[in-house]
Amino acid sequence: MSPWNAPRAKLRCVPQVQLKLSIQRLRTLQQKKHALAKASRRSIADLLAQGRVETCRLRVEGLIQDDIGVEVLEVLELYCEKLQARFNMLDASTQYSGTEPDASISDAVCAIVYAAPRTELKELQVLRDILMHKFGRPFALSLLPTEPPPDTVPARLTSKLALYQPTPELVDLYLWEIAKGYKVEWVPESVASETAAAAAGEEDEDEDEGGEEDEDEDEGGEAEGEDGEDGDKGEGKEGGKEGGEQKESTKGKEAEGVKEKKLSPEEELAARFAQLKKV
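Residues numbered from 1 in each chain as written. Predicted model: local features only at pLDDT ≥ 70, side-chain atom pairs only at ≥ 80, totals over all residues. Heavy atoms only, no water.

Once that is clear, we can look at the packing of aromatic side chains. Tallied over the full model, the rule gives one aromatic pair. Where F135 meets F139, the ring centres are 5.3 Å apart and the plane angle is 50°; that geometry is what we call tilted. Lying over the aromatic face of W176, K180 brings its terminal NZ or CZ to 4.3 Å of the ring centre. (Phe/Tyr/Trp six-rings, centres within 6.5 Å; stacked < 30°, edge-to-face > 60°. Lys NZ or Arg CZ within 6 Å of the ring centre and 35° of its normal.)

This next bit is on the environment of E61. Locating E61 in the fold gives a position in helix α2 (residues 53–85). Sequence separation between E61 and P166 is 105 residues; the distance between their C-alpha atoms is 6.4 Å. Non-local contacts of E61, meaning those with residues more than four positions away in its chain, are made with Q165, P166 and V171. At 3.3 Å, the side chain of E61 and the side chain of Q165 are in polar contact. (Helix = DSSP H or I, 4+ residues; strand = E, 2+ residues; numbered from the N terminus. Contact = heavy atoms within 4.5 Å. Polar contact = N/O pair within 3.5 Å; in protein donor to acceptor, adjacent residues only side chain to side chain.)

This part covers the pattern of salt bridges. What the rule picks out here adds up to eight salt bridges. A salt bridge links K33 to E120, with the nearest nitrogen and oxygen atoms 4.0 Å apart. With K33 in helix α1 (residues 8–49) and E120 in the loop between α4 (106–115) and α5 (122–135), this residue pair connects regions lying 87 residues apart in the sequence. A relative accessible area of 26% places K33 in the partly exposed class. Note that D107 and K82 form a salt bridge whose closest N and O atoms lie 2.9 Å from each other. Note that D107 is positioned in helix α4 and K82 in helix α2, a separation of 25 residues in sequence. Residue classification places D107 among the partly exposed residues on the basis of a relative accessible area of 24%. K82 sits in the partly exposed class, given a relative accessible area of 22%. (Salt bridge = Lys/Arg side-chain N within 4 Å of Asp/Glu carboxyl O. Buried < 20%, exposed > 50% of the residue type's maximum accessible area, 1.4 Å probe, protein only.)

Attention shifts here to the nonpolar core. Counting 33 residues, the largest nonpolar core has C80, L83, V109, L124, L131 and L157 as the members making the most contacts within it. Elements with a contribution of two residues or more to this core: α1, α2, α3 (87–97), α4, α5 and α7 (155–161). Here the element with the most residues in this core is α4; it accounts for eight residues. Excluding residues that lie within four positions of it along the chain, V109 makes contacts with L83, L90, P101, L131, F135 and F139. In terms of nonpolar packing, the next biggest core, distinct from the first, is built from 17 residues, I44, L48, L63 and I64 among them. (Core = buried A, V, L, I, M, F, W, Y, C linked by side-chain atoms within 4.5 Å.)

Running from N to C, α2 and α4 cross one another at 130°; their axes reach a closest spacing of 9 Å. Viewed along their axes, α2 and α4 adopt a mutual orientation that is oblique. Note on packing geometry: the crossing formed by α2 with α4 is left-handed. Taking contact as the criterion, the partners of L76, Y79, C80, K82 and L83 in α2 are, on α4, D107, A108, V109, A111, I112 and A115. Considered class by class, the residues forming the contact of α2 with α4 number nine nonpolar, no polar and two charged. (Axes fitted to C-alpha atoms, helices over the stretch in contact; angles between N-to-C directions. Parallel < 35°, antiparallel > 145°, perpendicular 65-115°, else oblique. Left-handed = near helix turned anticlockwise from the far one by under 90°. Nonpolar A, V, L, I, M, F, W, Y, C, P; charged D, E, K, R; others polar.)

What follows is the structure, given as structure tokens:
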């Protein structure tokens, strides 16, 4: 390994090259793990279709751990890119702050020094050695794995590096997503029971609403019947009134006709002469 206090040209070249190599290897390893995870999910779906649920759950636990490992690689790649973009700050850190990195890159340096041994990348471990040599032994000793982790290491990284046992609920949800992705008919017992309970609750609500609607309809029918009876009575009364008015008008017309039939004396004489002529 070339020390940081090598000749100036080599001093700037080696860390930059190592950062670039580390970023490339991190991306390659992520792609490899994604491909392996995809193949693993397919095999889990095949086992699930065969009914081997317990075996699938065990494999899903390993799959979850692999996903967390990929997230660690993504975080380390981000920090390497940060150091690459702010390499001037990294190069000038010891000139102004002694053995501590600048605040703008401190999280990236601490994350790489702390997490590099937990990865399988030689390029990242070489970069770690370069950073430890630059900032000195006390700085390197302050970032040794301890419990709890050092405060200088970002929490987003330490939370992913901590020992973790997936819960049964999380395992079942992972397995359910795999089943849906590969069109395997399988539903976790917890989800099935919740779905059944929700369906039963909806049926009860529908029955209650149906009973209330029937009662409302019965009450509405009774009210309509009462209104109909009242209407019939009212119509009968109105019909009687109209009949009486018609009778009165008829009598009036007959009386007028009788009055009209009464002849004058001259007309009576003319009528009598007409009858005499007929005789």
